[in-house]
Amino acid sequence: MFDTMTATKTVGALCGAALIFFLVKWGAESLYSMEPAKVGGEEPAQAYSVAVSGGEAAGGSTAEAGPDFDTVYASADAKKGETIFNKCKACHKVDGSDSVGPHLNGIVGRAVGSVAGFAYSDGVKNHGGTWDPKSLDTWIENPKKDIPGTKMTFAGLPKVEDRANLIAYLATIK
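Reading the values: the criteria
Along each chain, the written sequence defines residue order, and numbers are assigned to residues from 1. Selection of residues for local features in this predicted model requires a pLDDT of at least 70, selection of side-chain atom pairs for listing and counting requires 80 or more, and totals for whole chains, interfaces and linings are taken over all residues. Excluding hydrogens and water, the side-chain values take into account all heavy atoms of the structure. Each helix is a run of DSSP H or I of at least 4 residues and each strand a run of E of at least 2, with the numbering of both proceeding from the N terminus. A simple rule labels every residue: compare its accessible area, found with a 1.4 Å probe on the protein chains alone, to the largest value its type can have, and call it buried under 20%, exposed over 50%, or partly exposed in between. Each accessible area value is a Shrake-Rupley result obtained with a 1.4 Å probe; residue values ignore everything except the protein chains displayed when judging cover. By convention a nonpolar core is built from buried Ala, Val, Leu, Ile, Met, Phe, Trp, Tyr and Cys residues, the set being connected through side-chain atoms within 4.5 Å. Whether two residues are in contact is decided by their heavy atoms: any pair within 4.5 Å suffices. Working rule for helices: expected span equals 1.5 Å times residues minus one. The aromatic pairing rule takes the rings of Phe, Tyr and Trp, using the six-membered ring of Trp, and pairs them if the centres are within 6.5 Å, calling planes under 30 degrees apart stacked, those over 60 edge-to-face and the rest tilted. Think of a salt bridge as a Lys or Arg side-chain nitrogen and an Asp or Glu carboxyl oxygen that are within 4 Å of each other. Residues enter a patch when their relative accessible area is above 30% and they make no salt bridge; the linking distance is 9 Å between like charges and 5 Å between nonpolar side chains (Val, Leu, Ile, Met, Phe, Trp, Tyr). It is the directions from the helix axis to the C-beta atoms whose arc is reported.

Remarks on the overall build of the protein chain
Check the secondary structure of the protein chain and you find seven helices and zero strands. Its helices and strands in sequence order give the protein chain the pattern α-α-α-α-α-α-α, from N to C terminus. In the protein chain, buried positions account for 24% of the 174 residues. Of the roughly 11,800 Å² of accessible surface on the protein chain, 60% is carried by carbon and sulfur atoms.

Shown next, in the form of structure tokens:
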């Protein structure tokens, strides 16, 4: 039958298995984490760079940067920006309610970190300034570079046309 010793061994085996599982999980999260708080409190540095022939690292001239944001923004298409906004929908809403990120209604011209009741990171809270099209362009290009310590995990939009179209779309939402 089932005696006290068997029950004790069963409970002990379950507790031991759970302990091993949690220790392995904790070790793996610590080892493979890329969060700045778990990597000494600062942004991880790039381990190496690859020199490209004709590039700046090889001593050649750098490639032309392309059109500047102001030029592209002047002819931005809000309809295309609405399509690009699909990348943002996972965390942001445009119906006035907050989600993982703050709502983006009226963001163009709004003070940075000013949505009441939203828990911004310290970097965003202390940033100051206003979300004008140029500052939004810098932010959307690379959020972690623009405001270090931000909670926003989005890597950014590398194409200036995509950023300009997205900002043109956001400017239409009040």
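Text resumes after the structure shown.
Structural notes on the nonpolar core
Across soluble globular proteins, nonpolar side chains have a tendency to be buried as a group. One finds Phe-85, Trp-131, Leu-166 and Leu-170 to be the most contacted residues of the largest nonpolar core, which totals 24 residues. Those elements that place two or more of their residues in this core are α2 (69-74), α5 (133-141) and α7 (160-172). Counting residues per element, this core draws most heavily on α7, which supplies six residues. With near-sequence residues (within four places) excluded, Leu-166 lies in contact with Gly-81, Ile-84, Phe-85, Cys-88, Ile-140 and Leu-157.

Brief notes about α7
Between its terminal C-alpha atoms α7 stretches 19 Å, which fits the 18 Å expected from 13 residues at 1.5 Å a residue. When α7 is considered as a whole, its buried residues turn out to be Val-160, Arg-163, Ala-164, Asn-165, Leu-166, Ile-167, Ala-168, Tyr-169 and Leu-170. Close packing links the buried residues of α7 with α2, α3 (78-84) and α5.

A look at the packing of aromatic side chains
This structure, assessed with the given rule, holds five aromatic pairs. For the ring pair Phe-85 and Tyr-169, a centre distance of 5.6 Å and an interplane angle of 50° mean the geometry is tilted. Pair noted here: Phe-85 is in the loop between α3 and α4 (122-125) and Tyr-169 is in helix α7, with a separation of 84 residues, a long-range link. Accessibility classification places Phe-85 together with Tyr-169 in one group, the buried group. Centroid distance Trp-131 to Trp-139: 5.5 Å. Interplanar angle 50°. Geometry classified as tilted. Since its relative accessible area comes to 7%, Trp-131 is described here as buried.

Let's talk about the pattern of salt bridges
Enumeration according to the criterion identifies four salt bridges in this entry. Residues Asp-122 and Lys-125 are paired through a salt bridge, measuring 3.6 Å at the closest nitrogen-oxygen approach. One end of the pair is Asp-122 and the other is Lys-125, both in helix α4 and three residues apart, which spans about a single turn. Of the residues examined, Lys-125 reaches a relative accessible area of 49% and is grouped as partly exposed.

Let's talk about a nonpolar patch on the surface
Where nonpolar side chains cluster on the molecular surface, the patch consists of Leu-19, Leu-23 and Trp-26 and spans about 370 Å² of accessible area. Position of Leu-19 relative to the elements: it lies in helix α1 (residues 4-32).

Some remarks on α5
Turning to α5, its buried residues are Leu-136, Asp-137, Trp-139 and Ile-140. Along the axis of α5, the buried residues cluster in a sector spanning 170°; they form a single face. Its buried side turned inward, α5 meets α2, α4, α6 (143-146) and α7.

Focus: the environment of Glu-82
Take Glu-82: it is sitting in helix α3. Expressed as a C-alpha distance, the spacing of Glu-82 and Asn-165, which sit 83 residues apart in the sequence, is 7.9 Å.

Considering the environment of Lys-144
With respect to the element layout, Lys-144 can be found in helix α6. Judged by its relative accessible area of 33%, Lys-144 is partly exposed. On a C-alpha basis, the gap between Lys-144 and Phe-154 in space is 8.4 Å, while along the polypeptide they are ten residues apart.

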